[in-house]
Amino acid sequence: MREIKFRAWNKNSLLGPVMTTWENIMADPEAMGLLILNKFQDSIPMQYTGLKDKNGKEIYEGDIIRYETNYYGNNKISQTVIEWQNDLEHDGFGEPLAMGYIFRGYNIEVIGNIYENPELLEKNEA
């Protein structure tokens, strides 16, 4: 069973935009489970995928990862944003065939996230 935890992008903290870690969320004396996220009206929660990159860094929704693929001898380095996929395809009965966090490739490395490093998305689209 994977560990369930979150981090949050707080757009309007007193120090400016800041990523709040799970440890900081749970250290808040007013925290009762995940209800603390409701206190941050301007925060965006991101769930931990339960996976780590090649360096042991936890992978969360909204992370930008770099990864390698090798199809028929064609080695390629790409990057993508980690997102929950509710419904990738339907079978003949309209039921989803897969859902969750989809990882393809190897040497996966977190290189940033969509809030603190939006410029990485622009490089990927070029």
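Residues numbered from 1 in each chain as written. Predicted model: local features only at pLDDT ≥ 70, side-chain atom pairs only at ≥ 80, totals over all residues. Heavy atoms only, no water.

### Comments concerning the side chain of Ser78
Within the secondary structure layout, Ser78 lies in strand β6 (residues 74-81). Among all residues touching Ser78, those that are not within four sequence positions of it are Ile65, Arg66 and Tyr67. (Helix = DSSP H or I, 4+ residues; strand = E, 2+ residues; numbered from the N terminus. Contact = heavy atoms within 4.5 Å.)

### Comments concerning the pattern of salt bridges
One pass over the full model with this rule turns up four salt bridges. Put simply, Arg7 and Asp63 hold a salt bridge, and the shortest N to O gap is 2.5 Å. Of the two residues, Arg7 is situated in strand β1 (residues 6-10) and Asp63 in strand β5 (residues 63-71); the sequence distance between them amounts to 56 residues. For Lys54, the salt bridge identified is with Glu109, shortest N-O distance 4.0 Å. (Salt bridge = Lys/Arg side-chain N within 4 Å of Asp/Glu carboxyl O.)

### Quick look at the packing of aromatic side chains
Tallied over the full model, the rule gives two aromatic pairs. On the basis of an interplanar angle of 15° and a centroid distance of 5.7 Å, the ring pair of Trp9 and Tyr115 is categorised as stacked. With Trp9 in strand β1 and Tyr115 in the loop between β9 (106-113) and α3 (119-125), the pair connects residues that are 106 residues apart, well separated along the chain. When its relative accessible area of 26% is taken as the criterion, Tyr115 is described as partly exposed. Look at Tyr48 and Tyr60: their rings are 5.4 Å apart centre to centre, the planes differ by 45°, and that puts the pair in the tilted class. With Tyr48 in strand β3 (residues 43-52) and Tyr60 in strand β4 (residues 58-60), this pair connects stretches of sequence that are twelve residues apart. Like Tyr48, the residue Tyr60 is buried in the burial classification. The ring of Tyr48 carries Lys5 above its face, with NZ or CZ at 5.3 Å from the centroid. (Phe/Tyr/Trp six-rings, centres within 6.5 Å; stacked < 30°, edge-to-face > 60°. Buried < 20%, exposed > 50% of the residue type's maximum accessible area, 1.4 Å probe, protein only. Lys NZ or Arg CZ within 6 Å of the ring centre and 35° of its normal.)

### Digging into the sheet that holds β5
Spatially, β6-β5-β9 is the arrangement adopted by the three strands of the open sheet, whose pairing is antiparallel. Both edges of this open sheet fall to β6 and β9, since each of them pairs with a single strand only. Direction aside, the axes of adjacent strands within the sheet are offset by 25° on average. Pairing of β5 with β9, which is carried by five bridges, proceeds in the antiparallel orientation. Each bridged residue has a counterpart across the sheet, and for Ile65 the counterpart in β9 is Val110. (Pairing = 2+ DSSP bridges. Axes fitted to C-alpha atoms, helices over the stretch in contact; angles between N-to-C directions.)

### A short note on the sheet that holds β3
The strand order β2-β1-β3-β4 describes an open sheet built from four strands, whose pairing is antiparallel. Taken across any chain shown, the strands that pair with only one partner, and hence form the sheet edges, are β2 (18-20) and β4. Taking the axes of each pair of neighbouring strands and ignoring which way they run, one obtains an average angle of 35° across the sheet. Note that β1 and β2 share three bridges and pair antiparallel. Its bridge partner lying in β2, Ala8 is registered against Thr20.

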